[in-house]
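Topology and contacts: notes
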Amino acid sequence: MRFPKSSRSLRQLSTHVLAIALGVLITVSTLQVLPSQAEPAPLVTTGDTPQLIAQRQSPATAAIGSTSFVTAAVNRVGTAVVRIDTERTITRRVDPFFEDPFFRRFFGEGLPQQMPSEQLRGLGSGFIIDKSGLVMTNAHVVDKADKVTVRLKDGRTFEGKVQGIDEVTDLAVVKINAGNDLPVAPLGSSSNVQVGDWAIAVGNPLGFDNTVTLGIVSTLKRSSAQVGISDKRLDFIQTDAAINPGNSGGPLLNGQGEVIGINTAIRPDAMGIGFAIPIDKAKAIAAQLQRDGKVAHPYLGVQMLTLTPDLAKQNNTDPNSPIQIPEINGVFVMRVVPNSPAASAGIRRGDVILQVDGKAITSAEQLQNVVEDSRLGQVLQVKVQRGNQTQQLSVRTAELQNAS
C-alpha cells in the first residue's frame, strides 16, 4: 500500500515539533534547578573572619579536642592517689585435741604448741586529703593491719599510721610523715552529683598501679541494705566504671577531676557495677576520725524489714506462716537484740514500727537514717502496731559497739 506524499510530510513535521518542545521543556527545568545548586554556602562571622558553616567545628569535636576531659581530670588528681600495702601476722593454735595430757603422753612432748606464724598481705588504694600527709581510704583496707606502707605515684614509700577506723561506714584515715608539700586531691560535693554524670575511678585494681576506668553514675542513694551489707550504714553512689579489689579506697572523680566518692569493692559477685561512698559523708567521718580516732553511732537493736500491704498479704495467705502481719506500710521487727535499747523499751519481735517522733516511717532505710542522725542517749518516741493495737514506746539510743 502506498501513502500519499502529503501524509508523510505531515508526520515528519509533527516529529520535529515534538522534539523542539521536549528540548525547550528540559532547558527550562534545568534553568530552574541549577541556580539553587550554585548558590554560595551561608557564611558565619567569627570575629572579623567569615567561616563557611561546613567548616565550623562541631560541639562534640570541640569537647574532645586533642586532650580528652578524662586525661585532664586524671592529671589533676593523679599524683595524690596512693597505693596502700598492708601486712598482718596471724598465729594459729594447734587443735585442742593435741593439748589433751593423755595424747601428749601417748605421742610424746614433741607435739607443737602452736602453728608457725603466717603473713597475710593486702593491697588497696587511697588519696591524700591534706598536705600534712592525711590519706583517706576504706576501713577494710587497713583494719587489723600490723604494718601499713603508703606508696606515692613518684615511687616514694612511707610508713603509715592508722589514725582512726570506722567499720560502720567503711572509712579510715592514715597519716604519713612526708613533709608539708604533698599533692592533694581536690574534693568535690556528692550532693551535686546526678545520674548520668561521668564517673572516673582511679586506683590500683588487682595490683595494676595507676589504673583509670571510665563510666557514668548509674544511680544515687543505693542503700547498704539493698547492696547486701546489712552491717554498714551507707547510701552508695552506684557506677558502671569498673571497680575491682585493689580499687578499694581510691577516688571516684567527676568530669572536672574532683573527688565525688570513695571506691569500695564490697560485692565480689558484682558484674558491671561498682559502689562508692559519697564524699560528703566521708568528709564528716574523716573529721571525727582525726579528732577522736573513732565515730560513735547510735542504735536501737532491731533487725528489720520494710513492710508493705502486698508483702503482708502474701505472708497472711500462706497457710504455713507462723504469724499474721498487719497489712500496712511500716517497718517489721524481725528480731530484737538482747540487752539492746529496743529490748529495754519493750519492742517485740513482730511489732510494726509506724512512726518515730511523729514522723511516718515507711522503710527500713528511712528508720536507719533517722537513728543514725540522732544523738547518743537521745530518747525517741516510737509508735508501733502490735496486733490490732498501737503503742507508744520511749527508746533511748545507745552506742553501737561494733559493725556486727
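Refer to the structure above for everything that follows.
Because the structure is a prediction, the values reported are computed rather than measured.

**Some details on helix α7 (residues 279–292)**
- Between its first and last C-alpha, α7 extends 20 Å over 14 residues, near the 20 Å set by a 1.5 Å rise per residue.
- For α7, the full list of buried residues reads I279, A282, I285, A286 and L289. Summarising the axial view, the buried residues of α7 lie within an arc of 120 degrees, below the 170-degree limit, and thus occupy one face.
- At the exit of α7 stands G293, carrying a positive phi of roughly 80 degrees.

**As for the environment of R76**
- Its place among the elements puts R76 in helix α3 (residues 69–77).
- Residue R76 is classed as partly exposed on the basis of its relative accessible area, which comes to 44%.
- For the pair R76 and A185, spaced 109 residues apart in the sequence, the C-alpha separation amounts to 7.8 Å.
- When sequence neighbours within four positions are dropped, the list of residues in contact with R76 reads P186, Q256, G257 and E258.

**Observations regarding the pairing of strand β6 (residues 147–151)**
- Side chains V148 and V150 project from β6 onto a buried face, and the interleaved K147, T149 and R151 project onto a face without burial.
- Here β6 pairs with strand β7 (residues 157–166) via four bridges, running antiparallel. Following the sheet pairing, V150 is matched in β7 by F158.
- Counting the residues that bridge the hairpin from β6 to β7 gives five residues, and of these G155 lies at a positive phi of roughly 100 degrees.

**Some details on a nonpolar patch on the surface**
- A contiguous nonpolar surface patch, about 270 Å² in accessible area, is contributed by W198, L214 and I216.
- Along the chain, I216 falls in strand β10 (residues 211–223).

**Here we look at the sheet that holds strand β12 (residues 251–253)**
- On the basis of which strands lie adjacent, the closed barrel formed by six strands has the order β9-β10-β11-β14-β13-β12 and antiparallel pairing. Mean inter-strand twist for the sheet, computed between neighbouring axes without regard to direction, equals 45 degrees.
- Pairing between β10 and strand β11 (residues 235–239): four bridges, direction antiparallel. Residue pairing for β11: V217 is matched across the bridge by T239.

Calculation notes
Residues numbered from 1 in each chain as written. Predicted model: local features only at pLDDT ≥ 70, side-chain atom pairs only at ≥ 80, totals over all residues. Heavy atoms only, no water. Helix = DSSP H or I, 4+ residues; strand = E, 2+ residues; numbered from the N terminus. Expected span 1.5 Å × (residues − 1). Buried < 20%, exposed > 50% of the residue type's maximum accessible area, 1.4 Å probe, protein only. Arc of directions from axis to C-beta. Contact = heavy atoms within 4.5 Å. Pairing = 2+ DSSP bridges. Patch = residues over 30% accessible without salt bridge, like charges linked within 9 Å, V, L, I, M, F, W, Y side chains within 5 Å. Areas by Shrake-Rupley, 256 points an atom, 1.4 Å probe, with all protein chains shown as cover. Salt bridge = Lys/Arg side-chain N within 4 Å of Asp/Glu carboxyl O. Axes fitted to C-alpha atoms, helices over the stretch in contact; angles between N-to-C directions.

Bear in mind that shape data such as this cannot, by itself, settle questions of function.
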